[in-house]
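Given next are the chains, with one letter for each unit.
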Amino acid sequence: MSSLTGHPPRRQPRSILPWLAAPALVVFVGFAVIPLVGVFALSFTTWDGIGAIHPSGLTSWRAVLTDPGLPHALWVTFMVMAVSWAVQTPLSILLGTFLAGRQRYRAVLGVVYFVPLMLSSAAIAIAYKALLDPNFGLGAGLKIPLLSQDWLGRPGLAFGVVVFVVSWQFIPFHSLIYQGGVQQIPKSLYEAAQLDGAGRIRQFFSITLPQLRYTIITSSTLMVVGSLTFFDLIFVLTEGGPGDATRVLALDMYKRGFQASLMGPASVIAVILVLVGLALALLLRRLGGRDAGASQLEGA
């Protein structure tokens with residue numbers, strides 16, 4: 001047709017998507033890939049954080065992997081991860097479902113619930129540390145013996161306090177994720193269930209939860225991977241104590257690197273954290289199925 005009309009064939013315009021993605025790629029490489037490669041390289045050196053860096057081969061790796069405190073730190077990290085997930089997930093789903101309603105007061109409550117997430121983790125830890133002080137805290141002021149225990153001085157209680165404070169801070173964030181997921185569920189499903197005589201509880205377990213499958217995978221991935229980096233809250237609240245009852249890997253990395261000036265072993269722990277996080281993220285994605293990412297994009 002172009003030869004008959006005398007006009008040259010039109011060229012297909014080049015896709016601009018690669019150019020749009022280029023700035024994000026540059027930022028990702030500059031702030032994620034290069035630092036990660038640097039930390040990995042630093043794990044094969046000896047450095048006190050100030051002087052010269054000396055290559056030391058696998059010395060730092062052997063020191064960390066043979067340290068009897070590493071399995072304990074891993075265990076505490078996974079326990080904090082598992083227990084906080086078990087607490088946050090059901091409460092976040094229930095709050096998200098509740099906030100997805102159309103009543104105005106629910107929107108106001110949604111703003112109130114979001115307040116803990118806007119606070120600094122260090123400030124939250126300081127506040128709870130003061131409230132839980134057995135001599136001058138809330139329990140002593142109200143003269144309630146149950147609240148006047150040594151919450152941060154006993155291993156079991158300290159672990160429970162850490163899980164409670166972490167959950168209190170991050171449940172609002174995950175509630176917002178579930179709120180958005182519930183609002184994407186077609187209303188026709190609930191209308192059909194009502195016609196069949198299903199009550200609210202039956203609708204929740206038969207419609208809401210199955211439809212939130214991929215949202216649960218997304219929220220759990222953020223929750224699990226994020227729990228590997230808990231540091232400031234635990235550092236201010238318990239400093240890893242009593243003993244090593246709340247000494248997670250991220251805190252162990254800080255103590256080795258910035259208190260003991262052992263940047264090599266600290267870098268080894270950082271690499272271990274990255275590998276554990278990637279493994280957990282891939283596992284959760286596999287559990288969610290190959291369509292999880294597409295479903296999240298469709299529901300956005």
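Residues numbered from 1 in each chain as written. Predicted model: local features only at pLDDT ≥ 70, side-chain atom pairs only at ≥ 80, totals over all residues. Heavy atoms only, no water.

1. Observations regarding the overall build of the protein
Working step 1: Counting secondary structure elements, the protein contains 16 helices and two strands.
Working step 2: Put simply, the protein has 300 residues, and 34% of those count as buried.
Working step 3: A sequence separation of at least 24 residues applies to 65% of the contacts in the protein between residues at least 6 apart.
Working step 4: Accessible area for the protein stands at about 18300 Å²; split by element, carbon and sulfur atoms hold 69% of it. (Helix = DSSP H or I, 4+ residues; strand = E, 2+ residues; numbered from the N terminus. Buried < 20%, exposed > 50% of the residue type's maximum accessible area, 1.4 Å probe, protein only. Contact = heavy atoms within 4.5 Å. Areas by Shrake-Rupley, 256 points an atom, 1.4 Å probe, with all protein chains shown as cover.)

2. Quick notes on the packing of helix H4 (residues 69-99) against helix H11 (residues 200-211)
Working step 1: Close contact between H4 and H11 brings their axes to 12 Å; oriented N to C, the two are set at 95°. On the basis of the axis angle, H4 is roughly perpendicular to H11. Of the residues in H11, those in contact with Ile93, Leu94 and Thr97 of H4 are Phe204, Thr208 and Leu209.
Working step 2: Of the residues in the contact of H4 with H11, the class split is four nonpolar, two polar and no charged. (Axes fitted to C-alpha atoms, helices over the stretch in contact; angles between N-to-C directions. Parallel < 35°, antiparallel > 145°, perpendicular 65-115°, else oblique. Nonpolar A, V, L, I, M, F, W, Y, C, P; charged D, E, K, R; others polar.)

3. Quick look at the pattern of salt bridges
Working step 1: Under the defined criterion, the tally for this structure stands at four salt bridges.
Working step 2: In this structure, arginine 247 and aspartate 244 form a salt bridge, with 3.9 Å as the shortest nitrogen-oxygen distance.
Working step 3: You can call aspartate 244 partly exposed: its relative accessible area is 38%.
Working step 4: In this structure, aspartate 252 engages arginine 256 in a salt bridge whose closest nitrogen and oxygen atoms are separated by 3.3 Å. Taken together, the residues span about one helical turn, with aspartate 252 and arginine 256 both in helix H14 (residues 249-259) at a distance of four residues. (Salt bridge = Lys/Arg side-chain N within 4 Å of Asp/Glu carboxyl O.)

4. Section: the packing of aromatic side chains
Working step 1: Summed over the entire model, instances satisfying the criterion amount to 10 aromatic pairs.
Working step 2: For the ring pair phenylalanine 204 and phenylalanine 205, a centre distance of 5.2 Å and an interplane angle of 85° mean the geometry is edge-to-face.
Working step 3: On the accessibility criterion, phenylalanine 204 (15% relative accessible area) is buried.
Working step 4: Note on phenylalanine 231 and phenylalanine 235: the rings are 5.5 Å apart at their centroids and 25° apart in plane angle, and the pair reads as stacked.
Working step 5: A connected cluster of aromatic rings, assembled from ring pairs, spans Phe231, Phe235, Tyr254 and Phe258. (Phe/Tyr/Trp six-rings, centres within 6.5 Å; stacked < 30°, edge-to-face > 60°.)

5. What to know about the packing of H4 against helix H12 (residues 213-227)
Working step 1: Following both chains from N to C, one finds H4 and H12 inclined at 145°, their axes separated by 10 Å at the closest point. Relative to H12, the crossing made by H4 is right-handed. Residues Met81, Ser84, Trp85, Gln88, Thr89 and Ile93 of H4 form the contact with H12, whose own contacting residues are Ile216, Ser220, Met223, Val224 and Ser227.
Working step 2: Looking at the contact of H4 with H12 residue by residue, the classes come out as six nonpolar, five polar and no charged. (Left-handed = near helix turned anticlockwise from the far one by under 90°.)

6. Comments concerning the environment of valine 166
Working step 1: Relative to the assigned elements, valine 166 resides in helix H9 (residues 155-183).
Working step 2: Residue classification places valine 166 among the buried residues on the basis of a relative accessible area of 2%.
Working step 3: The spatial distance from the C-alpha of valine 166 to the C-alpha of leucine 233 is 8.0 Å, given a sequence separation of 67 residues.
Working step 4: Residues in contact with valine 166, not counting those within four places in the same chain, are Gln88, Phe230 and Leu233.

7. Side note on unusual backbone geometry
Working step 1: Note the cis peptide between glycine 241 and proline 242, where omega equals -5°.
Working step 2: Tracing the sequence through the fold places proline 242 in the loop between helix H13 (232-237) and H14.
Working step 3: One non-glycine residue, lysine 143, lies in positive phi territory at about 55°.
Working step 4: Inspection of the secondary structure puts lysine 143 in the loop between helix H8 (138-142) and H9.
Working step 5: One non-glycine residue with positive phi stands out, namely glutamate 239, at about 55°.
Working step 6: For glutamate 239, the location among the structural elements is in the loop between H13 and H14.
Working step 7: Exposure remark for glutamate 239: the relative accessible area of 45% places this residue in the partly exposed category.

8. Here's the deal with the nonpolar core
Across soluble globular proteins, nonpolar side chains have a tendency to be buried as a group.
Working step 1: Membership of the largest hydrophobic core comes to 20 residues, with the highest contact counts inside it found for Val80, Val161, Val165, Leu233, Ile234, Leu237 and Val248.
Working step 2: Within the residue set of this core, elements represented by two or more residues are H4, helix H7 (121-131), H9 and H13.
Working step 3: Ranked by the residues each element gives to this core, the list is headed by H9, at six residues.
Working step 4: Among residues more than four places away in sequence, those in contact with leucine 237 are Ala125, Tyr128, Lys129, Leu152, Val161, Val162 and Val165.
Working step 5: Counting residues in each nonpolar core, the second largest holds 17 residues, with Val224, Leu228, Leu249 and Val271 among its members. (Core = buried A, V, L, I, M, F, W, Y, C linked by side-chain atoms within 4.5 Å.)

Purely spatial values, then, with no claim about function.
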